[in-house]
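# Results of the structural survey
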Amino acid sequence: MEPTYHNGSINFCWTLSTLFSKPQRHDVVAVRLAGHSVMLLKRVVALEGERIEFRYGKLLVDGNTIEEPYVRYPCDWDLSPRQVEQGSVYVVGDNRSMDIEDHHFGQASIKRIVGVPLW
Amino acid sequence: MVKTISQGQTRSSIQTSGQDNLSRPTSRQIGQGGRTPPRSGLSLLAAVKKHPAIAVLLFILGVLTVLILLPSEEKKVRKQFKGLSNVVSKEPGENVFTTARKAKEIVPLFDENCELITPADSVSAYFSRGEITSYVIRGRTQFSDLSLTFVDLSITFPEPGTAKVVLTAKLKGKIANGDRLDETREVKSTLKKIKGKWLFAAFEVVEVLKK
């Protein structure tokens, strides 16, 4: 999630947020990667049922370009269109300067979202 | 029956009726000098009767002993994961004897065929013990040091002889070319109890982020 959140930094999460509302586009969420304590901080870029793709580094949702002011590093990603399944959201990190193959991103079940960072 | 003893009578003159009582000390004898020690079993029984707390304490000690000496099925399953962690992990500068010993120890951990599912790599296949051993040996040679740990184990027994485990696997190591590996994954594993031993029958790496 560089440069928004730094690797290894400590963040506090508001876990009750998932009870009151579903995650929205551009929200940063904590996704439970494994067990009770291993989390990933990612940004929601597409919601269930939407079609997502990357073209020349630009995010497209249902064919429309989405502005992402939080992406500060140059990006040249290309990803073929794919539909987000029901009960899931599509999450990507803010650090798009790294190779797409090395970046942890994709469709995550809403059940795995445990909260949002407090700051 | 003990005859009455008058003052000055010697010990040899004590007469009892019945053969069984010949060796049993009389109350008088015990009182005279305590030459015959009281039986420990009887005294313990007496103590327990007198103090019920001792009985409770003994019962707790017994239960603890059974628990320690006879590990539960869950402990046996955990031990199996510890064993796998030990054989996969590698210390820097590991000698050939340790490598050979660990290679030998891999085989008895697995069922004859173990299913491996990694959706991210589109792998879903059964591997024999021999294949698993050769993959592990080959994999270990790529690293100068390697550590595989399993944490957050959640163990269930859906049916007799089958254990389902959801856990966090942490793989850390230094590749021979100097790059570092630090991967954490949620893994689902199935173990089968065969001839009294829990053996790994399946591993599935949970795909949290599906591209």
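Everything quoted here is computed from the prediction, not taken from an experiment. (Residues numbered from 1 in each chain as written. Chains lettered and ligands numbered in written order. Predicted model: local features only at pLDDT ≥ 70, side-chain atom pairs only at ≥ 80, totals over all residues. Heavy atoms only, no water.)

So, about the overall build of chain A. Along chain A, the regular secondary structure elements total one helix and 10 strands. In chain A, the order of α-helices and β-strands from amino to carboxyl end is β-α-β-β-β-β-β-β-β-β-β. Scaling as 2.2 N^0.38, a compact globule of 119 residues should have a C-alpha radius of gyration of about 14 Å, and chain A matches this with 14 Å. Taking the principal axes of its C-alpha atoms as reference, chain A extends roughly 35 × 30 × 25 Å. Burial status across chain A gives 45% buried among its 119 residues. Long-range contacts, defined here as pairs at least 24 residues apart, represent 56% of the contacts in chain A between residues at least 6 apart. (Helix = DSSP H or I, 4+ residues; strand = E, 2+ residues; numbered from the N terminus. Rg over C-alpha atoms; globule rule 2.2 N^0.38 Å. Buried < 20%, exposed > 50% of the residue type's maximum accessible area, 1.4 Å probe, protein only. Contact = heavy atoms within 4.5 Å.)

Moving on, we come to the sheet that holds strand β5 (residues 180–194) of chain B. Residues and elements named next belong to chain B. Taken in spatial order, the six strands make up an open sheet running β2-β1-β6-β5-β4-β3, and their pairing is mixed. Looking at strand neighbours, the two that pair on one side only are β2 (123–128) and β3 (143–159), the edges of this open sheet. Across the sheet, the mean angle from the axis of one strand to that of its neighbour is 25°, orientation sign disregarded. Bridge count between strand β1 (residues 110–118) and strand β6 (residues 197–205): four bridges; the pairing is parallel. Across the sheet, the residue bridging to E115 is A202, located in β6. Its contacts with the sheet place helix α6 (residues 129–141) against β1, β2, β3 and β6, and it is angled at close to 105° to β2. (Pairing = 2+ DSSP bridges. Axes fitted to C-alpha atoms, helices over the stretch in contact; angles between N-to-C directions.)

Moving on, we get to the nonpolar core. Ranked by size, the top nonpolar core spans 27 residues in total, and within it B:F81, B:L84 and B:F110 carry the most contacts. Listing elements by their share of this core, those giving two or more residues are α4 (73–88), β1, α6, β3, β4 (162–175), β5 and β6 of chain B. In terms of residues, this core owes the most to one element, β3(B), which gives six residues. Ignoring anything within four residues of it in the chain, the contact list for B:F110 reads B:L84, B:R129, B:I132, B:L199, B:F200 and B:F203. Core analysis: the next-biggest nonpolar cluster, separate from the first, contains 16 residues, A:L79, A:Y90, A:V92 and A:F105 among them. (Core = buried A, V, L, I, M, F, W, Y, C linked by side-chain atoms within 4.5 Å.)

By the secondary structure assignment, B:T168 is in strand β4. A distance of 3.1 Å separates the side chain of B:T168 from the backbone nitrogen of A:G35, its partner in a polar contact. In contact with B:T168, not counting residues within four places along its chain, are A:A34, A:G35, A:V38, B:T149, B:F150, B:V151, B:D152, B:T184 and B:R185. (Polar contact = N/O pair within 3.5 Å; in protein donor to acceptor, adjacent residues only side chain to side chain.)

Moving on, we come to the interface of chain B and chain A. Taken together, the 11 residues of chain B in the interface contact 22 residues of chain A. Ionic pairing is found between A:R32 and B:E186, a salt bridge with its closest N-O pair at 3.0 Å. On inspection of chain B and its partner chain A, the count reaches 11 residue pairs in polar contact (both at pLDDT 80 or more). Put simply, the parts of the chain that give the side of chain B that touches chain A at least two residues each are β4 and β5 of chain B. (Salt bridge = Lys/Arg side-chain N within 4 Å of Asp/Glu carboxyl O.)

All names here are of chain A. Among the five residues that make up strand β8 (residues 88–92), five are buried, leaving the element largely enclosed by the rest of the structure. The alternating pattern of β8 places S88, Y90 and V92 on one face and V89 and V91 on the opposite face, and all of these are buried. Sheet topology places strand β3 (residues 38–46) next to β8; three bridges connect them, and they run antiparallel. Pairing of V44 across the sheet is with V91, part of β8. Of the strand pairs in this sheet, β8 and strand β9 (residues 106–109) are connected by four bridges, and their pairing is antiparallel. Paired with V89 across the two strands is A108, which belongs to β9.

Attention now moves to the sheet that holds strand β2 (residues 28–34) of chain A. All names here are of chain A. With respect to topology, six strands assemble into an open sheet ordered β1-β10-β2-β3-β8-β9, the strand pairing being antiparallel. At either margin of the open sheet sits one strand with a lone partner, and together these are β1 (13–14) and β9. As paired strands, β2 and strand β10 (residues 113–117) are joined by two bridges and run antiparallel to one another. Across the sheet, residue V31 finds its bridge partner in β10, namely I113.

What follows covers the packing of aromatic side chains. All names here are of chain B. Under the criterion given, the structure shown has 11 aromatic pairs over all chains. For the pair F157 and W198, a centre-to-centre distance of 5.7 Å together with 50° between the ring planes defines the contact as tilted. Here F157, found in strand β3, pairs with W198, found in strand β6; they are 41 residues apart in sequence, far enough to count as distant. Residue F157 is classed as partly exposed on the basis of its relative accessible area of 36%. Since its relative accessible area comes to 4%, W198 is described here as buried. Relative to F203, the ring of F200 lies with its centre 5.1 Å away and its plane at 40°, an arrangement referred to as tilted. Residue classification places F200 among the buried residues on the basis of a relative accessible area of 0%. (Phe/Tyr/Trp six-rings, centres within 6.5 Å; stacked < 30°, edge-to-face > 60°.)

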